[in-house]
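One letter stands for each residue in the lines below.
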Amino acid sequence: MINIVLFGKPGAGKGTQAEFLKGKYNLTHLSTGDIFRFNIKNETELGKLAKTYMDQGDLVPDEVTIKMLQSEVDNNQDSAGFLFDGFPRTIAQADALDVFLASKNEKITATIALDADDEILVARLLERGKTSGRVDDQDEDKIRNRYQEYNEKTAPLMNYYSQQHKFYSVNGIGSIAEITERLSAVIEKL
Ligand SMILES: Nc1ncnc2c1ncn2[C@@H]1O[C@H](COP(=O)(O)OP(=O)(O)O)[C@@H](O)[C@H]1O
């Protein structure tokens with residue numbers, strides 16, 4: 001099994017690249033952001049709870065997110081591997097994921113970051129906000145808050161996975177196809 005964490009700041013292109021990689025490597029794509037948005041759309045209890053955090057650009061509490069992710073993995077028992085997109089986003093989530101995968105005799109194979117400059121990404125998100133309907137993409141203060149959440153809570157994961165010798169990074173600026181190639185080059189050497 002191959003389990004990859006796609007890592008990067010909001011707007012770095014994780015979801016876009018995951019769409020290509022999942023077909024190419026036969027992986028199950030699990031995007032916590034997409035799962036939360038699906039629940040919000042369907043007005044589930046989980047969706048109502050997540051919305052209060054997401055609309056402000058805050059992270060949803062670890063407890064809630066970890067439980068949800070575990071049940072998604074369990075619902076895809078026959079998968080050849082997972083592409084985690086937007087998870088883990090905190091050290092507590094990364095620890096929980098390691099323990100959970102170990103309980104299934106599995107582990108994270110690699111974490112690959114899409115690297116890009118904040119100012120380019122903020123502009124991208126504001127552009128996406130015009131068409132995506134995402135509340136958290138439409139207001140620059142909320143976008144900045146997501147970067148602050150990223151810097152405080154998610155950035156430490158680079159060190160976490162580097163210490164496990166599992167951290168790779170590719171340049172996230174370029175055409176979609178170029179970036180898929182860069183990611184594929186890392187995956188094929190694993
Ligand atoms: N692993 C997670 N832990 C906590 N909150 C999360 C997680 N994944 C997604 N969310 C919530 O969903 C929002 C949108 O996530 P996502 O779609 O991955 O967007 P982006 O990375 O572009 O900000 C986040 O700002 C956060 O509120």
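This one's a predicted model, so the numbers in the text were calculated from it and none came from an experiment.

A. Quick look at the overall build of the protein. Broken down by element type, the protein carries nine helices and five strands. Reading the protein from its N end, one meets helices and strands in the order β-α-β-α-α-α-β-α-β-α-α-α-β-α. Computed over the C-alpha atoms, the radius of gyration of the protein is 16 Å, within 12% of the 16 Å expected from 2.2 N^0.38 for a compact globule of 190 residues. Considering only C-alpha atoms, the protein reaches an extent of 40 × 40 × 30 Å along its principal axes. Sequence separation of at least 24 residues holds for 73% of the intrachain contacts in the protein that already meet a minimum separation of 6. As displayed, the protein offers around 9600 Å² of accessible surface, 50% of which is attributable to carbon and sulfur atoms. Charged side chains of the protein number 23 positive and 30 negative; the gap between the two group centres comes to 2 Å.

B. The layout of surface pockets, seen in detail. Here the largest pocket defines a volume of roughly 890 Å³. Forming the boundary of the largest pocket are 45 residues, of which P10, K14, R89, R128 and R134 lie nearest the centre. Of the residues forming the lining of the largest pocket, the biggest block, five residues, is contributed by helix α2 (residues 32–41). Split by residue class, the lining of the largest pocket holds 15 nonpolar, 17 polar and 13 charged. Within this model, the second largest pocket holds a volume of roughly 160 Å³. Surrounding the second largest pocket, R37, I40, K51, M54, D55, G133, R134, V135 and D136 form its lining. When contributions to the lining of the second largest pocket are tallied by element, the ones reaching two or more residues are α2 and α3 (45–54).

C. Representation of helix α4 (residues 62–74). Taking 1.5 Å of rise per residue, the 13 residues of α4 would be expected to cover 18 Å, and the 18 Å separating its terminal C-alpha atoms lies within 8% of that figure. For α4, the secondary structure elements touched by its buried residues are β2 (28–31), α2, α3, β3 (81–85) and α5 (91–102).

D. Representation of the nonpolar core in the model. Counting 21 residues, the largest nonpolar core has L69, V73, F84, L97, I108 and Y161 as its most contacted members. Looking at this core, the elements with two or more residues in it are β1 (2–8), α4, β3, α5 and α8 (156–163). Examining the composition of this core, we find that five residues originate from one element, α5, more than from any other. With 15 residues, the next largest nonpolar core counts A12, A18, Y25 and L27 among its residues.

E. The arrangement of the UniProt feature "binding site: ATP" (unreviewed entry) in the protein in detail. UniProt feature "binding site: ATP" (unreviewed entry): in the numbering of this structure it lies at G11, A12, G13, K14, G15, T16, R128 and G174. Lining residues of the largest pocket drawn from the annotated list: G11, A12, G13, K14, G15, T16, R128 and G174. Structurally, G13 is set in the loop between β1 and α1 (14–25). Overall, the relative accessible area of 16% leaves G13 in the buried class. Those residues within four positions of G13 in sequence are excluded, and the remaining contacts are L114 and R124. Counting through the fold element by element, K14 comes out in helix α1. Among all residues touching K14, those that are not within four sequence positions of it are L6, F7, G8, K9, D85, G86 and L114.

F. Just unusual backbone geometry, in detail. Of note, the bond from F87 into P88 is cis; its omega dihedral lies within 30 degrees of zero at -5°. Mapped onto the elements, P88 comes out in the loop between β3 and α5. Despite not being glycine, E43 has its phi angle at roughly 50°, a positive value. Along the polypeptide, E43 turns up in the loop between α2 and α3.

G. Representation of the sheet that holds strand β4 (residues 110–115) in the model. One open sheet accounts for five strands, arranged β2-β3-β1-β4-β5; its pairing is parallel. Either end of the sheet is taken by a strand with one partner, and the two such strands are β2 and β5 (167–171). Pairs of neighbouring strands in the sheet enclose a mean axial angle of 20°, with direction left out of account. Sheet analysis places β4 next to β5, joined by five bridges and oriented parallel. Within the sheet, the bridge partner assigned to I112 lies in β5 and is Y168. Sheet strands in contact with α1 are β1, β2, β3 and β4, and its direction is about 165° off that of β3.

What counts and what doesn't
Going along each chain's sequence as written, the residues are numbered from 1 onward. Reporting of local features is limited, given that this is a predicted model, to residues whose pLDDT is at least 70; pairs of side-chain atoms are given and counted only at 80 or more, and all residues count toward the totals for whole chains, interfaces and linings. Side-chain numbers here rest on the full set of heavy atoms in the structure, without hydrogens or water. Strands are runs of DSSP state E lasting at least two residues, helices are runs of H or I lasting at least four, and both sets are numbered from the N terminus onward. Radius of gyration: C-alpha atoms only; globule rule: 2.2 Å multiplied by the number of residues to the exponent 0.38. Note on contacts: a residue pair is in contact if any heavy atoms of the two residues lie within 4.5 Å. The Shrake-Rupley method, run with a 1.4 Å probe sphere, supplies the accessible areas, and residue values consider only the shown protein chains as cover. His residues and chain termini do not enter the charge count, which takes Lys and Arg as positive and Asp and Glu as negative. The location of each charge is read from NZ of Lys, CZ of Arg, CG of Asp or CD of Glu. Only protein atoms enter the 1 Å grid used here, on which a cavity is any set of points holding a 1.4 Å probe that cannot leave and a pocket is any open set flanked by protein within 12 Å on both sides along at least five of seven lines; residues with an atom within 4 Å of a point are listed as lining. Grid points are joined across faces, edges and corners, and a volume is the space filled by probe spheres set on the points. Under the scheme applied, nonpolar residues are Ala, Val, Leu, Ile, Met, Phe, Trp, Tyr, Cys and Pro; charged residues are Asp, Glu, Lys and Arg; polar residues are all the others, including Gly. Take the number of residues in a helix, subtract one, and multiply by 1.5 Å to get its expected span. Think of a nonpolar core as a cluster: buried Ala, Val, Leu, Ile, Met, Phe, Trp, Tyr and Cys residues, connected wherever their side-chain atoms sit within 4.5 Å. Categorising residues by exposure relies on relative accessible area from a 1.4 Å probe, with only protein chains included: less than 20% of the type maximum marks a residue as buried, more than 50% marks it as exposed, and the intermediate range marks it as partly exposed. UniProt positions are given in the numbering used here, feature names are shortened, and annotations may be inferred rather than shown by experiment. We call two strands paired when DSSP finds no fewer than two bridges between them. To obtain an axis, a line is fitted to C-alpha atoms, over the contacting stretch when the element is a helix, and the angle between two such axes runs from 0 to 180 degrees between their N-to-C directions.

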